Amino acid sequence: MSKKKSFTKTNKATNVNKNETNTKTGASQANKSSNKGARVQHTTKKDTNNNSTNFTKQTGKRKRSATQQLSKNEEKKLKKQKKLSKGINEVVHEAKLLWEKARIDPKQKTPERYDVMVKIMELLKGKLKKVATMPDGSRILQTMLKLGLPIQRKAVFEEVKGSIIDLSKTKHGRYFVKKLLKYSTKAQREFILKKFNGQVRGLLLIKYSAFVIEYFYNTIASHKQRLSLLEELYGNEYGLFKVENRTWDSIITENPAKKQMMLEFLQKYIFLVTNKGPSLLSHSINHAALLTYFTNAEVADIKVAIAAIRDHFLHMIHTKNGAHVGCICFDYASPKDKKFIIKSWKTFVYKIAIEEFGHIVFLKALTCVDDTKLLERSLFTEMNPKAKQICCNKYGRTIYLLLLVPDQIHRYVKKKKSEWLNQATASTRQFLLIT
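Throughout this document, residue positions are counted from 1 along each chain, in the order its sequence is written. Predicted model: local features are reported for residues with pLDDT of at least 70 only, side-chain atom pairs are reported and counted for 80 or more only, and whole-chain, interface and lining totals are derived from all residues. Side-chain measures here rest on the full set of heavy atoms in the structure, leaving out hydrogens and waters.

Draft legend 1. Just the packing of aromatic side chains, in detail. Only Phe, Tyr and Trp rings take part, Trp by its six-membered ring, and two of them pair if their centres are within 6.5 Å. Stacked means planes under 30 degrees apart, edge-to-face means over 60, and tilted covers everything else. Per the stated rule, a full pass over the model turns up nine aromatic pairs. Plain terms: the ring middles of Tyr175 and Phe211 are 5.5 Å apart, the flat faces sit at 65 degrees to each other, and that makes the pair edge-to-face. Of this pair, Tyr175 sits in helix H8 (residues 173-182) while Phe211 sits in helix H11 (residues 207-220); the two residues are 36 residues apart in sequence, bridging distant segments of the chain. Since its relative accessible area comes to 23%, Phe211 is described here as partly exposed. Ring centres 6.5 Å apart and planes at 25 degrees place the aromatic pair Phe313 and Trp345 in the stacked group. One end of the pair, Phe313, is in the loop between helix H18 (299-309) and helix H19 (320-332); the other, Trp345, is in the loop between helix H20 (335-343) and helix H21 (349-353), and 32 residues separate them in sequence. As far as the burial class goes, Phe313 and Trp345 line up, both buried. Connected via pairs of aromatic rings, a cluster forms that spans Phe313, Phe330, Trp345 and Phe362. Positioned above the aromatic ring of Phe265, the side-chain terminus of Arg201 is 4.5 Å from the ring centre. We call a charge positioned over a ring when the NZ of a Lys or the CZ of an Arg lies within 6 Å of the ring centre and within 35 degrees of the ring normal. Between the NZ or CZ atom of Lys386 and the centre of the ring of Tyr350, over which it lies, the distance is 4.5 Å. Helix and strand assignments follow DSSP, with helices taken as H or I runs no shorter than four residues and strands as E runs no shorter than two, numbered in order from the N terminus. Under the scheme applied here, a residue whose accessible area is under 20% of the maximum for its type counts as buried, over 50% as exposed, and between as partly exposed, the area being computed with a 1.4 Å probe on protein chains only.

Now the structure itself:
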């Protein structure tokens, strides 16, 4: 009996456990079913959202946030701007087709070509400012200035004269302004110069506008106009209050106290130009500014300036003033700076040796540098394969004459240039001996 009772007790316990497990599984199944229901509801919400997004895609209307919503007036303005831009592109395309006909034979002056130029002018009238900044439009306008009649050139100038500075700062507009300067009259050039007044320093620090100022200074400007452009690099006041034929020496004779202030202003400008890169330091107007600084500053300041410009030394010895500055650099530079400058001439030694002004700097380097191994390794190894060509050149031959007869080099070099070779005064030579 005891065995049966124990058996029944165990059966009851197992049944109880089974019931407990069944209840647990039922609860878990219920939870699963509830989770499934929640998931189904979530998916239905997603489906409804997707349907709404699809509806917006089909209709072409997207929901915008409060920040993205524009007023009706702003939307109208944007649409008008898009239409105008499309219109300009279409007009330029039509003008380009006519331009192709006009530039087939630019030397031949035919009435047909003039008719084409008139049609182009009618198409672009009132839109020249915008067209000049476009790559194709700039070329079309340049051809108009080159091949057009004086009346057409005047019409172009009258429309654009108020925005010459803005156009000179753009990538393609600068070429148009350059052509405008080339084919402009005397009065028109004076007007452009007045536009530049007070802004020369700022324009020279911009890559595109510096190209225009350099062209005007180097090829078109008279002596008076060059002085007017150059004096703005001495101080802000000289850009606002203009005086004819004002030079550095005339300013110092009138007010000697201004010399230090002008030198500091020039020094800041030189450092700004050198930080911008070699493209700006290759301009001749900057070489003239460097020469005035190097011939008037103190020795310690000159040495600081040499350290700033030595990276771009190669880009400034192709002009007269630049070569003069290069010779002064070799007078005051430390042996380390001289070594750096000569090493930067690698692959350009032959070009420098046969250049009109570059060969003077070459001669100066030979007279100032004492490291014969450096000269042999950096200069003569590159010169020797082309020794015959250098000897036959009227500038290159002076290098070999200096090596053969160093005391009589003044016989083979012009007087002014020979002075550059012996330019270091007694005080500078004493300074070099001390250092």
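Draft legend 2. Structural view of the environment of Gly326. By secondary structure assignment, the location of Gly326 is in helix H19. It is 9.5 Å that separates the C-alpha atoms of Gly326 and Phe362, two residues lying 36 residues apart in sequence.

Draft legend 3. Molecular detail of the environment of Glu214. Note that Glu214 resides in helix H11. For Glu214, a relative accessible area of 12% corresponds to the buried category. Along the chain, Glu214 and Ser284 lie 70 residues apart, while their C-alpha atoms are 7.0 Å from each other. Pairs of residues are marked as contacts when any of their non-hydrogen atoms sit within 4.5 Å. Discounting residues that sit within four places of it in the chain, Glu214 has contacts with His283, Ser284 and Ile285. Polar side-chain contacts of Glu214 include one of 2.8 Å to the side chain of Ser284. Under this definition, polar contacts are N or O atom pairs within 3.5 Å; protein pairs additionally need one hydrogen-donor-capable and one acceptor-capable atom, and for neighbouring residues in sequence, both atoms have to be side-chain atoms. Polar contacts involving the side chain of Glu214 include one to the main-chain amide nitrogen of Ile285, which spans 3.4 Å.

Draft legend 4. View of empty space enclosed by the protein. The definitions used throughout rest on a 1 Å grid laid over the protein atoms alone, on which a cavity is an enclosed set of points accommodating a 1.4 Å probe that cannot get out and a pocket is an open set flanked by protein within 12 Å on both sides along at least five of seven lines; lining residues are those having an atom within 4 Å of a point. Grid points are joined across faces, edges and corners, and a volume is the space filled by probe spheres set on the points. For the coordinates displayed, the defined rule picks out one cavity of 30 Å³ or more. The space that makes up the largest cavity amounts to roughly 30 Å³. Along its surface, the largest cavity is lined by Tyr269, Ile270, Val273, Leu281, Asn286, Ala289 and Leu290. Only helix H15 (258-276) and helix H17 (284-296) provide two or more residues apiece to the lining of the largest cavity.

Draft legend 5. Here's a closer look at the pattern of salt bridges. Here a salt bridge means any side-chain nitrogen of Lys or Arg lying within 4 Å of a carboxyl oxygen belonging to Asp or Glu. The tally for this structure, following the rule as stated, stands at ten salt bridges. One network of salt bridges, with partners in common, ties together Glu231, Glu232, Lys242 and Arg246.

Draft legend 6. Layout of the state of the cysteines. Note that a disulfide, as used here, is simply two cysteine sulfur atoms within 2.5 Å. Within this structure, the stated rule accounts for zero disulfides. Free of any disulfide, Cys329 has its nearest neighbouring cysteine sulfur in Cys327, separated by 9.1 Å. The cysteine Cys392 is free of any disulfide, with Cys391 supplying the nearest cysteine sulfur at 6.8 Å.

Draft legend 7. Representation of the nonpolar core in the model. Residues enter a nonpolar core if they are buried and are Ala, Val, Leu, Ile, Met, Phe, Trp, Tyr or Cys, with the set joined through side-chain atoms within 4.5 Å. Of all hydrophobic cores here, the largest spans 113 residues; its most connected members are Ile120, Phe294, Phe330, Trp345 and Phe362. Setting aside its immediate chain neighbours within four residues, Phe294 contacts Ile302, Ala305, Ile306, Ile309, Val325, Ile328 and Cys329.

Draft legend 8. Region of the structure containing the packing of H20 against helix H23 (residues 372-383). Contact pair H20 / H23: the axes reach a minimum separation of 10 Å and the direction vectors enclose 20 degrees. On the basis of their axis angle, the class for H20 and H23 is roughly parallel. H23 is crossed by H20, and the crossing has left-handed handedness. In this structure, H20 contributes Lys339, Ile342 and Lys343 to the contact, and H23 contributes Leu374, Leu375, Ser378 and Leu379. Convention adopted: a line fitted to C-alpha atoms gives each axis, helices being fitted over their contacting stretch, and angles between N-to-C directions are expressed from 0 to 180 degrees. For classification, angles of less than 35 degrees are called roughly parallel, those exceeding 145 degrees roughly antiparallel, those between 65 and 115 degrees roughly perpendicular, and all remaining angles oblique. With the far helix as reference, a near helix turned anticlockwise by less than a right angle produces a left-handed crossing, and one turned clockwise produces a right-handed crossing.

By themselves, these observations are geometric and do not establish any function.
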